Amino acid sequence: MNFSNLATDYDGTLAEDGGVAQPTIRALESLRRSRRSMILVTGRELAQLIEVFDRIDLFDWIVAENGALLYHPATRTKRLLTEPVPLHFVDELQRRGVSPISTGDAIVATWRRHEDTVRAVIRDLGLECQITLNKGAVMVLPIGVDKASGMEAALDEMNLSWADVAGIGDAENDLAFLRKCRCSAAVSNALDSVKAEVDFTTHAPRGKGVVELIDEILNDDLQSRCHTQHERTTAVLTNART
């Protein structure tokens, strides 16, 4: 088995308007029956995700809050992978008129129109925080926390490496983990900046695009599709030695 794991973003990739279509669910079930594992990698807070998606049981691990939180659906246990953003940061955002503000165990999020204010508050308070953009959203987390760092924790739990993973996403914050996957894909509705960095783009958008990727994994384990990152790296090293 060339690719034993699928890592997928949620909103705009697996889901449309917060929900996952039944054909997409059936494709995920087929992938599970092939004895492959799956990781859901989302910017959503865990409670939000559970509220809108009732099939988290299909996934071995969930990386939530853009890499800050790791959740194991089988045991319903969660682990915070970083320190939370300080509460006085949220208080100062509110004082400066930022609204709405969403807070999870570690993440603080608002909309893109408040980006300049968020950056100013981080600077003025001297916080070691970073901003990650996700289309219209602005997400704030401690420096070094992103979807790739969260995926690292999940892969460690599963005794897997990036070489085992095919990944798919649609937005800026997905690039952190897509760049590390052995094979990466973007759904057709993805941002152009994402399409430019992945191995291929699906013909269909959102969940239908994920179904395309799953079909290709089941058909030939992506042998005919990806000039994989692993193979490219091997070729570079081989050329360097000769």
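Parameters and conventions
Residues numbered from 1 in each chain as written. Predicted model: local features only at pLDDT ≥ 70, side-chain atom pairs only at ≥ 80, totals over all residues. Heavy atoms only, no water. Helix = DSSP H or I, 4+ residues; strand = E, 2+ residues; numbered from the N terminus. Contact = heavy atoms within 4.5 Å. Polar contact = N/O pair within 3.5 Å; in protein donor to acceptor, adjacent residues only side chain to side chain. Pairing = 2+ DSSP bridges. Axes fitted to C-alpha atoms, helices over the stretch in contact; angles between N-to-C directions. Parallel < 35°, antiparallel > 145°, perpendicular 65-115°, else oblique. Left-handed = near helix turned anticlockwise from the far one by under 90°. Phe/Tyr/Trp six-rings, centres within 6.5 Å; stacked < 30°, edge-to-face > 60°. Buried < 20%, exposed > 50% of the residue type's maximum accessible area, 1.4 Å probe, protein only.

**Student:** Which parts of the structure should I look at to understand the environment of Val85?
**Tutor:** Assignment of secondary structure puts Val85 in the loop between β5 (77-80) and α3 (87-95). Spatially, the C-alpha atoms of Val85 and Val140 are 7.9 Å apart, while their sequence positions differ by 55 residues. What Val85 contacts, discounting residues up to four positions off in sequence, is Ala106, Val108, Cys129, Val140, Leu141 and Pro142.

**Student:** How should unusual backbone geometry be read in this particular structure?
**Tutor:** It is generally the case that most residues other than glycine have a negative phi and that most peptide bonds are trans. Between Ser99 and Pro100 the backbone carries a cis peptide bond, its omega angle lying at 0°. Positive phi outside glycine occurs at Asn159, with the angle close to 55°. Examined against the element boundaries, Asn159 turns out to sit in the loop between α5 (147-158) and β10 (165-169).

**Student:** Looking at this structure, how should I read the side chain of Asp170?
**Tutor:** Summarising the element assignment, Asp170 is placed in the loop between β10 and α6 (175-178). Within the local environment of Asp170, its side chain forms a polar contact with the side chain of Lys135, the two groups lying 2.5 Å apart. Ignoring any residue separated from it by four or fewer positions in sequence, one finds Asp170 in contact with Asp9, Asp11, Gly12, Thr13, Lys135, Val187, Asn189, Ala190, Leu191 and Val194.

**Student:** Quick question: what am I supposed to make of the sheet that holds β10 here?
**Tutor:** Pairing between the strands of a sheet comes from backbone hydrogen bonds, and it takes one of two forms, parallel or antiparallel. Taken in spatial order, the eight strands line up as β5-β4-β3-β2-β1-β10-β11-β12 in an open sheet, and their pairing is mixed. Each of the sheet's edge strands pairs with one partner strand only, and the pair in question is β5 and β12 (200-201).

**Student:** Looking at this structure, I do not really get the sheet that holds strand β8 (residues 129-134). What am I missing?
**Tutor:** Strand order in the open sheet made by the four strands is β6-β7-β9-β8, with antiparallel pairing throughout. Of all strands in the sheet, those bounded by a partner on one side alone are β6 (102-103) and β8. Relative to strand β9 (residues 137-142), β8 is paired through six bridges, and the arrangement is antiparallel. Looking at β9, one finds that Thr132 is bridged to Met139. On the sheet, helix α4 (residues 115-125) packs against β7 (108-111), β8 and β9 and is oriented at approximately 165° with respect to β8.

**Student:** Sorry, what's going on with the packing of helix α1 (residues 22-33) against helix α8 (residues 206-220) here?
**Tutor:** Each packed pair of helices is defined by two parameters, the angle between the axes and the distance between the axes. Between α1 and α8, the shortest axis-to-axis distance is 9 Å and the interhelical angle comes to 25°. As far as their axial angle goes, α8 and α1 are roughly parallel. Crossing geometry of α1 relative to α8 is assigned as left-handed. Every residue of α8 that contacts α1 at Pro23, Thr24, Ala27, Leu28, Ser30 and Leu31 is listed here: Gly207, Lys208, Val211, Ile214, Ile217 and Leu218.

**Student:** Just to check I follow, could you spell out the packing of aromatic side chains for this structure?
**Tutor:** The relation between two aromatic rings is expressed through the spacing of the ring centres and the mutual angle of the planes. Under the definition given, this model contains two aromatic pairs. Aromatic pair Tyr10 and Phe53: ring centres 5.4 Å apart, planes at 45°, arrangement tilted. Here Phe53 lies in the loop between α2 (46-52) and β3 (61-64) and Tyr10 lies in the loop between β1 (5-8) and α1, a separation of 43 residues in the sequence. The exposure class assigned to Phe53 is buried, which follows from its relative accessible area of 3%. Consider the rings of Phe53 and Phe59, whose centres lie 6.3 Å apart with planes at 65°: the pair is edge-to-face. An aromatic cluster is defined as three or more aromatic residues linked by ring pairs; in this entry it consists of Tyr10, Phe53 and Phe59.

**Student:** Looking at this structure, how should I read the environment of Leu127?
**Tutor:** Looking at the secondary structure, you find Leu127 in the loop between α4 and β8. Residue classification places Leu127 among the buried positions, given a relative accessible area of 16%. Look past the residues within four positions of Leu127 in its chain and what remains in contact with it is Pro86, His88, Phe89 and Ile122.

**Student:** It is not clear to me how the packing of α3 against α4 should be interpreted in this structure. Could you clarify?
**Tutor:** Two elements in contact, α3 and α4, have axes separated by 10 Å at closest approach and are oriented at 130°. The orientation of α3 with respect to α4, classified from their angle, is oblique. Seen along the crossing, α3 lies across α4 with a hand that is right-handed. Across the interface between the two elements, His88, Phe89, Glu92 and Leu93 of α3 pack against Val118, Val121, Ile122 and Leu125 of α4.

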